[in-house]
Amino acid sequence: MARKSARTKPSISIVGPGNLGSALAIELARAGYPIHQIVRRATSKITGPKALARRVKAELVIVGECPLDSDIVWITVPDDAIADVARQLADAQDWKGKTVFHSSGALTTDELSPVWEKGAEVASVHPMMTFVAGKKPSWRGIAFAVEGDEDAVRLWSLIAADLGGRPFEIDKRNKVLYHAFGAFASPLVIALMSAMEQVAAAAGIPREKAKEIMQPLLAETLNNYVRTDAPSAFSGPLVRGDVHTVRKHLTALKRAPEAREVYHALALAAIKHLPVKNRGALEKELTAHHVEVRRGSSPRKRKQVSRATKRRSE
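Residues numbered from 1 in each chain as written. Predicted model: local features only at pLDDT ≥ 70, side-chain atom pairs only at ≥ 80, totals over all residues. Heavy atoms only, no water.

Structural notes on a nonpolar patch on the surface
- Among the surface-exposed residues, L192, V262 and L266 lie close enough to one another that they form a single nonpolar patch of about 220 Å² accessible area.
- With respect to the element layout, V262 can be found in helix α12 (residues 257-273).
- Exposure remark for V262: the relative accessible area of 32% places this residue in the partly exposed category. (Patch = residues over 30% accessible without salt bridge, like charges linked within 9 Å, V, L, I, M, F, W, Y side chains within 5 Å. Areas by Shrake-Rupley, 256 points an atom, 1.4 Å probe, with all protein chains shown as cover. Salt bridge = Lys/Arg side-chain N within 4 Å of Asp/Glu carboxyl O. Helix = DSSP H or I, 4+ residues; strand = E, 2+ residues; numbered from the N terminus. Buried < 20%, exposed > 50% of the residue type's maximum accessible area, 1.4 Å probe, protein only.)

What about the packing of aromatic side chains?
- The final tally for this structure, using the stated rule, is seven aromatic pairs.
- Both rings, one in W74 and one in W156, keep their centres 5.5 Å apart while their planes meet at 85°; by these two values the pair is edge-to-face. A residue pair is termed long-range when its members are at least 10 positions apart, and W74 in strand β4 (residues 72-75) and W156 in helix α5 (residues 150-163) qualify at 82 residues. No difference in accessibility class separates W74 from W156, as the two residues are buried.
- Centre to centre, the rings of W139 and F144 are 6.1 Å apart; their planes meet at 15°, and the pair counts as stacked. When sorted by exposure, W139 lands in the same class as F144, which is buried. (Phe/Tyr/Trp six-rings, centres within 6.5 Å; stacked < 30°, edge-to-face > 60°.)

Some words on the confidence of the model for the protein
- Overall, the predicted model of the protein reaches an average pLDDT of 90, with 90% of residues at or above 70.
- Every residue in residues 1-5 scores below 50 in pLDDT, and together they form zero contacts with partners more than four places removed in sequence or on other chains.
- Counting interchain partners and residues more than four positions distant, the pLDDT-below-50 stretch residues 298-314 has three contacts. (pLDDT = per-residue confidence, 0-100. Contact = heavy atoms within 4.5 Å.)

With respect to the pattern of salt bridges
- Under the defined criterion, the tally for this structure stands at twelve salt bridges.
- The shortest N-O distance in the salt bridge between E150 and R154 comes to 2.9 Å. With E150 and R154 both in helix α5 and four residues apart, this pair spans about one turn of that helix.
- The salt bridge involving E220 is made with R227; its shortest N-O contact spans 3.3 Å.
- E220 sits in the partly exposed class, given a relative accessible area of 39%.
- One network of salt bridges, in which partners are shared, links E150, D151 and R154.

Quick word on unusual backbone geometry
- For K57, which is not glycine, the phi dihedral falls at a positive 60°.
- Take K57: it is sitting in the loop between α2 (49-55) and β3 (59-62).
- With a phi angle near 55°, N278 is a residue other than glycine that sits in the positive phi range.
- Here N278 lies in the loop between α12 and α13 (279-295).

Below is the structure:
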C-alpha cells in the first residue's frame, strides 16, 4: 500500500517584523513553512529585520517596492498601519489566488478590502498571547480568533494545527470586545502590577523585593482562578466584609494616589460581582471615598478649613 504523501505547505511572507511578526516567522519556519519574504515599511524603525531574514532564509524587501511571490501574505504591523499597508500592497501586484491575513485583535477583515477587491482571500487571525522583545512564548495551546473568507479560514486552520494553536471563529461585530477581554488578561494585569509596585514603594519595599514577596501569592491566585473560577479564588478583606481595614487602606493609600484610584475602582467592581460580606457598608465606604477625591479633601478637613476661614474674617 502506497504511503500518503506529505501535505505541501504554502509559502508565506511576513509584513512587519516586530515582536509578533518575528516570532511568527521563526515558528512558521520551524514548522516547515517556506518564508519567502520579510517585508518592512519604509518608515519603520524596527531593528533586526536583516538578521531575521537571514535566520528564516527569506528575502528582505520594502512594502510596495516589488511583488510578493508567496502563497500567503501575513500582515503583522500595528493596527493603525494595516489599512495603509493593504493599499500599498494592492497597488503592487495581482492578488488572485493569494491569501492575506492580518493579526489585529480589534480590527476586522474590512481593513484588507484593497487586496480583497483585487482577488485575494482574506482573514483576520489574532493570537491571544503576549509578545515582548527578547521573549519566545510557546505557541502550543494558544487560542487564535479568526474571521474572514471561508477558504482563508480553512487554510488558517491547517496552519494552526501545525503550530499547536487552537483556532476559534469570532463574529466580526465582537472583535473590539474580544480584544478588550484580552487586554484585561495581560497589559492591564501589568498595569495592576505597576500600581502594586507604587504601593510597595510607599511602604518602603524596593521593586525587586516586592516581586520576590508577591510571586508566590500571585502564582497561587492565578492557579486558583484557573482551577476554579473568580468567586472561588477571591479572598481578603472584602470577602470578610472588613470595612475598617478597607477604610485604613484608603487612608494609607493617600501616599500613592494613583494606586488608590485603582484600588477604589477594583474594590467597587468586586463588591458588585464577587461574594462579599457587609456589601452595603463597603459600598458606602467606597462611595464616601469617591466623593472625597472629587472634592479634593475629606469632610472633616473641609470643616476645619471653613472654621479657620471664619475666624480670620472675624
